[in-house]
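Remarks on the overall topology
In case you want the letters, here they are:
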Amino acid sequence: MARMLWFAALGCLAAASATAADPDEGAASARKLWQVGKYDEAIEVYDVLLAKPEDLKPEQKAALVLGRVEAWSSTGQIDKAKEGLTTLTADQPKNADAFARLGLLLFDRGDWAGATLAAKAATDLNADHLLGRWVGARLAEAQGRQGDALDAWKWFVDSFNADQDKYIKDANALLVIGQAAERYYRAKARGEELSETLNDVINEIYEAALKADPRCWQAPWLEARLFLSGYSEGAARKELQRAIKINPRAAEVIVTLGQSDLQGYKLAAGREKADLALEINPKYAPAFVLKADVNISDERFAEALDASKKALGENPKDEDSLARLAASYRLLVDPESALATEAVVLSNNPRPASFYSMLGERLADRRKYPEAERAFLLAARADPERADNRIGLGMLYMQIGREVEARDLFDAAFAADPFNVRADNMRKVLKHMAGYRPIESPRYSVAILPGRDALLGKYMSRYLEETHDELAKRFGYSPPGLTKIEIMKDHAWFSGRTIGLPFIPTVGACTGKVVALASPGATQKPFNWARVLKHEVVHVITLQQTEFNIPHWYTEALAVESEGFPRPQPWNKLLQERVPARKLLNLDNINLGFIRPEQPDDRQMAYCQAQLYAQYMLKRFGDDALMKMLDAYRRGMTTEKAIGYCFKVEKKDFEAKYLEFLDGVVKTIKTRVSEEKPVSFSELERELAAKPDDAGLNARMAYEHFARRDLKAARPLADKALKLKPNQPLASYVKARLLVTIGDDDAAREVLVPAFDEANPDERVVDLLAELQMKAGNLDEAGRLYEIAHKGDPFHTKWIASLARVHLRQKDEPKFLADLAMLADSDADDLGVRKALAERHLASKAWKDAIHWATECLFVDVNDPVGHVVLADANAGLEKYKDAVEEYEVALTLKPKKPGDLKVRLAKAQQAMGATDAARTTVESILKADPEHPGALELSKSLKDK
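Residues numbered from 1 in each chain as written. Predicted model: local features only at pLDDT ≥ 70, side-chain atom pairs only at ≥ 80, totals over all residues. Heavy atoms only, no water.

1. Some thoughts on the overall build of the chain
- Counting its regular elements, the chain contains 51 helices and 5 strands.
- Principal axes of the C-alpha set define a box for the chain whose edges measure 115 × 80 × 60 Å.
- Counting only residues that meet the buried cut, the chain has 53% of its 946 residues in that class.
- Taking the intrachain contacts of the chain between residues at least 6 apart in sequence as the baseline, contacts between residues at least 24 apart amount to 59%.
- Of the accessible surface of the chain, which amounts to about 42400 Å², a share of 53% is contributed by carbon and sulfur atoms.
- When the 133 positive and 143 negative side-chain charges of the chain are each reduced to one mean point, those points stand 2 Å apart. (Helix = DSSP H or I, 4+ residues; strand = E, 2+ residues; numbered from the N terminus. Buried < 20%, exposed > 50% of the residue type's maximum accessible area, 1.4 Å probe, protein only. Contact = heavy atoms within 4.5 Å. Areas by Shrake-Rupley, 256 points an atom, 1.4 Å probe, with all protein chains shown as cover. Lys, Arg positive; Asp, Glu negative; His and termini not counted. Charge placed at Lys NZ, Arg CZ, Asp CG, Glu CD.)

2. What about the pairing of strand 2 (residues 444-448)?
- Counted residue by residue, strand 2 has 5 buried out of 5 residues, so it is predominantly covered.
- Here 4 bridges tie strand 1 (residues 437-440) to strand 2, and the two strands are oriented antiparallel to one another. Counterpart to E440 in the pairing with strand 2 is S445.
- Here strand 1 folds back onto strand 2, and the loop between the two strands holds 3 residues.
- Crossover strand 2 to strand 3 (residues 483-488) through helix 26 (residues 454-475) is left-handed. (Pairing = 2+ DSSP bridges. Right-handed = clockwise from strand over helix to strand, strands pointing away.)

3. Examining the nonpolar core
- Judged by nonpolar contacts, the single largest core of 149 residues is most densely connected at W529, Y554, M617, F647 and F654.
- Top element by residues in this core is helix 32 (residues 602-621). It accounts for 11 residues.
- Residues L88, A115, A140 and A142 belong to the second largest nonpolar core, which totals 112 residues. (Core = buried A, V, L, I, M, F, W, Y, C linked by side-chain atoms within 4.5 Å.)

4. Let's talk about helix 35 (residues 651-668)
- When the terminal C-alpha atoms of helix 35 are compared, their 26 Å separation across 18 residues agrees well with the 26 Å that a helix rising 1.5 Å per residue should span.
- Looking only at helix 35, the buried set comprises K651, F654, E655, Y658, F661, L662, V665 and V666. The arc that holds the buried residues of helix 35, viewed along the axis, is 140 degrees, so those residues lie on one side. Facing away from the buried side of helix 35 by over 90 degrees, the exposed positions are K652 and K667.
- Taken together, the buried residues of helix 35 touch helix 30 (569-581), helix 32 and helix 34 (639-647). (Expected span 1.5 Å × (residues − 1). Arc of directions from axis to C-beta.)

5. As for the pairing of strand 3
- The element strand 3 is extensively covered by neighbouring structure, given that 5 of its 6 residues are classed as buried.
- Two elements, strand 2 and strand 3, share 4 bridges in a ladder whose sense is parallel. Bridge assignment links V446 to a residue of strand 3, and that residue is I485.
- With 5 bridges connecting them, strand 3 and strand 5 (residues 514-518) associate as parallel partners. Residue pairing for strand 5: I485 is matched across the bridge by V515.

6. Section: a negative patch on the surface
- There is a patch of like negative charges on the surface, built from E192, E193, E196, D200 and E204.
- By the secondary structure assignment, E193 is in helix 12 (residues 191-212). (Patch = residues over 30% accessible without salt bridge, like charges linked within 9 Å, V, L, I, M, F, W, Y side chains within 5 Å. Salt bridge = Lys/Arg side-chain N within 4 Å of Asp/Glu carboxyl O.)

7. So, unusual backbone geometry
- One non-glycine residue, R367, lies in the positive phi region at around 65 degrees.
- Residue placement: R367 occurs in the loop between helix 21 (353-365) and helix 22 (369-382).
- Given the relative accessible area of 23%, R367 is considered partly exposed.
- The backbone of R582 shows a phi angle near 55 degrees, a positive value even though the residue is not glycine.
- A residue is classified by how much of its surface remains accessible, and R582, at 39% relative accessible area, is partly exposed.

8. Examining the packing of helix 13 (residues 218-229) against helix 15 (residues 251-263)
- Close contact between helix 13 and helix 15 brings their axes to 10 Å; oriented N to C, the two are set at 20 degrees. One way to sum up the angle between helix 13 and helix 15 is to call them roughly parallel. Note on packing geometry: the crossing formed by helix 13 with helix 15 is left-handed. Contacts between helix 13 and helix 15 involve W221, R225 and L228 from the former and E252, V253, T256, Q259, S260 and Q263 from the latter. (Axes fitted to C-alpha atoms, helices over the stretch in contact; angles between N-to-C directions. Parallel < 35°, antiparallel > 145°, perpendicular 65-115°, else oblique. Left-handed = near helix turned anticlockwise from the far one by under 90°.)

9. Let's talk about empty space enclosed by the protein
- Per the stated rule, a full pass over the model turns up 3 cavities of 30 Å³ or more.
- Lining of the largest cavity is provided by M395, M398, Q399, R497, T498, A509, C510, T511, V514, V515 and A516.
- Those elements that provide at least two residues to the lining of the largest cavity are helix 23 (387-399), helix 27 (491-499), strand 4 (508-510) and strand 5.
- For the lining of the largest cavity, the residue count by class is 7 nonpolar, 3 polar and 1 charged.
- Approximately 40 Å³ is the volume found for the second largest cavity.
- Residue lining of the second largest cavity: R330, E342, L359, L363, E371 and R374, and that is the complete set.
- The set of elements that each furnish at least two residues to the lining of the second largest cavity consists of helix 21 and helix 22.
- Considered class by class, the residues forming the lining of the second largest cavity number 2 nonpolar, no polar and 4 charged. (1 Å grid on protein atoms, 1.4 Å probe; cavity = no way out; pocket = protein on both sides within 12 Å on 5 of 7 lines; lining within 4 Å. Points joined across faces, edges and corners; volume = space filled by probe spheres on them. Nonpolar A, V, L, I, M, F, W, Y, C, P; charged D, E, K, R; others polar.)

10. Remarks on the packing of helix 50 (residues 916-929) against helix 51 (residues 934-944)
- Remark: helix 50 packs on helix 51, axes separated minimally by 10 Å, with the N-to-C direction vectors making an angle of 145 degrees. In terms of crossing hand, the pair formed by helix 50 and helix 51 is left-handed. Residues T916, A919, R920, V923, I926 and L927 of helix 50 form the contact with helix 51, whose participating residues are A936, L937, L939, S940 and L943.
- Across the contact of helix 50 with helix 51, the residue classes break down as 8 nonpolar, 2 polar and 1 charged.

11. A word on the confidence of the model for the chain
- Residues of the chain with pLDDT of at least 70 account for 96%, and the chain-wide mean is 91.
- Considering each helix and strand of the chain separately, the mean pLDDT is smallest for helix 1 (residues 2-19), with a value of 41, and largest for helix 46 (residues 847-860), with 97.
- Here residues 1-19 scores under 50 on pLDDT; set against residues more than four positions off or in separate chains, the count is 12 contacts. (pLDDT = per-residue confidence, 0-100.)

12. Quick word on the pattern of salt bridges
- Counting across every chain of the model gives 67 salt bridges.
- A salt bridge links K273 to D261, with the shortest nitrogen-to-oxygen separation between them at 2.8 Å. In this pair, K273 is assigned in helix 16 (residues 267-280) and D261 in helix 15, connecting sequence segments 12 residues apart.
- In this structure, E813 and R840 form a salt bridge, with 3.0 Å as the shortest nitrogen-oxygen distance. Of this pair, E813 sits in helix 44 (residues 813-826) while R840 sits in helix 45 (residues 831-843), and the two are 27 residues apart along the sequence.
- Each of the salt bridges in this network shares a partner with another, and the network as a whole consists of D293, E299, D320, R324, R362, D365 and R366.

13. Quick word on helix 16
- Spanning 14 residues, helix 16 covers 20 Å between terminal C-alpha atoms, matching the ideal 20 Å at 1.5 Å per step.
- Looking at the buried positions of helix 16, the neighbouring elements they touch are helix 3 (39-49), helix 4 (58-74), helix 15, helix 17 (285-297), helix 18 (301-314) and helix 31 (590-595).

14. Some details on the packing of aromatic side chains
- Going through the model one piece at a time under the given rule, you end up with 26 aromatic pairs.
- Ring geometry for W134 versus W153: centroids 5.6 Å apart, planes at 50 degrees, classification tilted. On the criterion of sequence distance, the pair formed by W134 in helix 8 (residues 130-142) and W153 in helix 9 (residues 146-162) is long-range, its members being 19 residues apart. The pair W134 / W153 is uniform in exposure class, with both members buried.
- Ring pairing ties together the aromatic residues W553, Y554, Y613, Y616, F621, Y633, F647, F654, Y658 and F661, which thus form one cluster.
- Between K648 and the ring centre of Y645, over which it is positioned, the NZ or CZ distance is 5.5 Å.
- When the ring centre of W799 is taken as origin, the NZ or CZ atom of K798, which lies over that ring, is 4.8 Å away. (Phe/Tyr/Trp six-rings, centres within 6.5 Å; stacked < 30°, edge-to-face > 60°. Lys NZ or Arg CZ within 6 Å of the ring centre and 35° of its normal.)

15. Description of the side chain of E314
- For E314, the location among the structural elements is in helix 18.
- The contact partners of E314, leaving out residues within four places of it in the chain, are D108, R109, K283, A285 and F288.

16. A closer look at the side chain of E556
- Among the secondary structure elements, E556 is positioned in helix 29 (residues 552-563).
- For E556, the side chain forms a polar contact with the side chain of H535, separated by 2.8 Å.
- Excluding residues that lie within four positions of it along the chain, E556 makes contacts with H535, H539, F594 and Y607. (Polar contact = N/O pair within 3.5 Å; in protein donor to acceptor, adjacent residues only side chain to side chain.)

Now the structure itself:
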């Protein structure tokens, strides 16, 4: 590698030497290297060309120095760049380009006094100097001199419109003009005019820059930033790919890619981009700002503070950096330092709209609603014309359930800037939600779309009130006022309601003030809405209880623990695989597992480990451990400080003992992890060729051929494996499957029986053998086999379901019902098993059990009549006739089977509760539809006798 770099360096030096006789050609060659990201090579060429400055014309020397300054700046060598520019301005005091570039460098370093002097020197030498005027305009903008800034931006627009031919082939000039035009049109244009003018900036200015210089990566980069500001992520990433293709080492482009990742909550990818940009340019302040944003979103507030300070080390007056510093202080519950930061900003700029807007975004991201609202309102006061302030405040109001105010803000923002996708999306969401209606109870307001979800809203409202006291008692807190629950028509509207963008990978979300759910009736797979709702309401309680200081992992831990379901078997398998390998999340990175997992299983692992953190604290520190942590977060402590405060141990010890706790958990888990490592067919062929007499390899190859339906190829391989190792499990399984295909079940059983190892049964062998025993009517033996498999893997639903089939055929009702209950516990969304439980308990007159499982049916599908019918019949069995009547009436609206019979039961319940007139009316309606209905005729007679 070093040899390759040495040859590359020689190549650069050779190129420089070859062009030394023509410095203009050399400067062009070096610039090309810089444009494509070969910064060090460009600097080497510039160094050679500037080795003898006395041989250069002044304009040649200036071009080379300015080019080297760009290359130095791109690699973070700011001191060298500053020294080179200072020397050049001293050597060429009439060079406006040198003064302007020095002014830009000083401005980017926060030296506004020096930047002012340098910019003035440039424009004194050339009143129309673009870069000099650009620096002056940026200073006016940064200092809050809005009128001066607007006049400055207008000058660029007027100058370009007056003489486009003057600039159309100058890529550098077009880049400056385009950025100035963006600012001017955002300040002055409204509605469609703004969209048209911004599109003109893209098409007539930035694209012209790229046409003038095909290596001008800055043009698509600036287009991408414009798109990203309007949340057009797809268009932005397309332009960023154009830019990165030209210059794969442009820190500016890499950081903007990271900002796009951040918009999509791809935090790990955003962090990687920030780190990569800093490897290229360790002085690039926006990379530190991106790192601060990622850390804030990931709840690493101390690290966000550190990143903000590093950004300010590069530019102490940068409002983006100062906003992250203030946000970090707020999130670390240090309001004095946050206010001190704000005072610094105001001393620089009395109208710091950007500072307040970014501060509001960061605080809203972490649900610091009052502080975020204040920031957005101050941003709007600082610059009433900016649409992004209205959008930020509107999104905040959506999060806290103030939709009416949000609607006005989004309408105003879209009228001002239709280029913004989020504003448009939220207007559509609010227009759609205008048709929703609230179902209010003492503590909740459930908003539903009348029609399909009307019944869902009613039962949700009832469930919320029924569970509220339990949760309030558990956590010692009840949120004030009505908690808003919004049931969105489908997942697309749910996603739009939640983030204003097309997709979010959940069916429920909580802001701490509002819970939104996708309607269960519109999702591809039904889900247990009661479980999801309970989970989200726990978030409402714990977020408000801690004043939104609780970290993501802990509120999830408490929510999962509150659901009351056993740990899913997939989680057990993850623990078995990951705990021994120590492939685990910890308190430093567990939040990332929820927000944007690096690996497919990380999100599930995050939920699993969070719940286990809660269980570990209860076991080690006592029954009040969870409440102690809640109180510590309410006081504003970080997790590390909370652990020390609550449990008097260091975080290191806390984590070490947690790992020991996980080791103990794994020992209690009974589930089989396959010892067979996945291997490709071609790799298996190579292994078998190398070891043709390996029984295991022959068996695996036989299985692969059988799986591909190549039965002819599978048979000899299975026979060979069994000859090499009699009763080899996998080979026995394949041989038995082959025998089953020709209908010889008896022979298949004979092959499998000796292959079955009771102490360590092969899953495929026991599954097929038990199935064959059932088929032969040997139910006891089949049950014994399934019990052995179940004992070794107790939560594997296949064995539970298989036992249920055996117990059903044996007519062992108690065991069958126990099997179904386990299946229901293992899958909260399984409606079929809940129906079976409800109907069977009803048939045996176990009224309370029937009510329990019928209610569980409604939690999955409230519009299925079966649950309501069972609920009604069971309540009637308990002589709770009022409840029975209500459920019968609901069931009759849902097109049940045999509605006449159901109406008879309704009439009987009405009669039993003393509503004789209502019972007569019900009977009359039955007889009108079916005059010969026997149940109705009999009941009619008894009603006439009264």
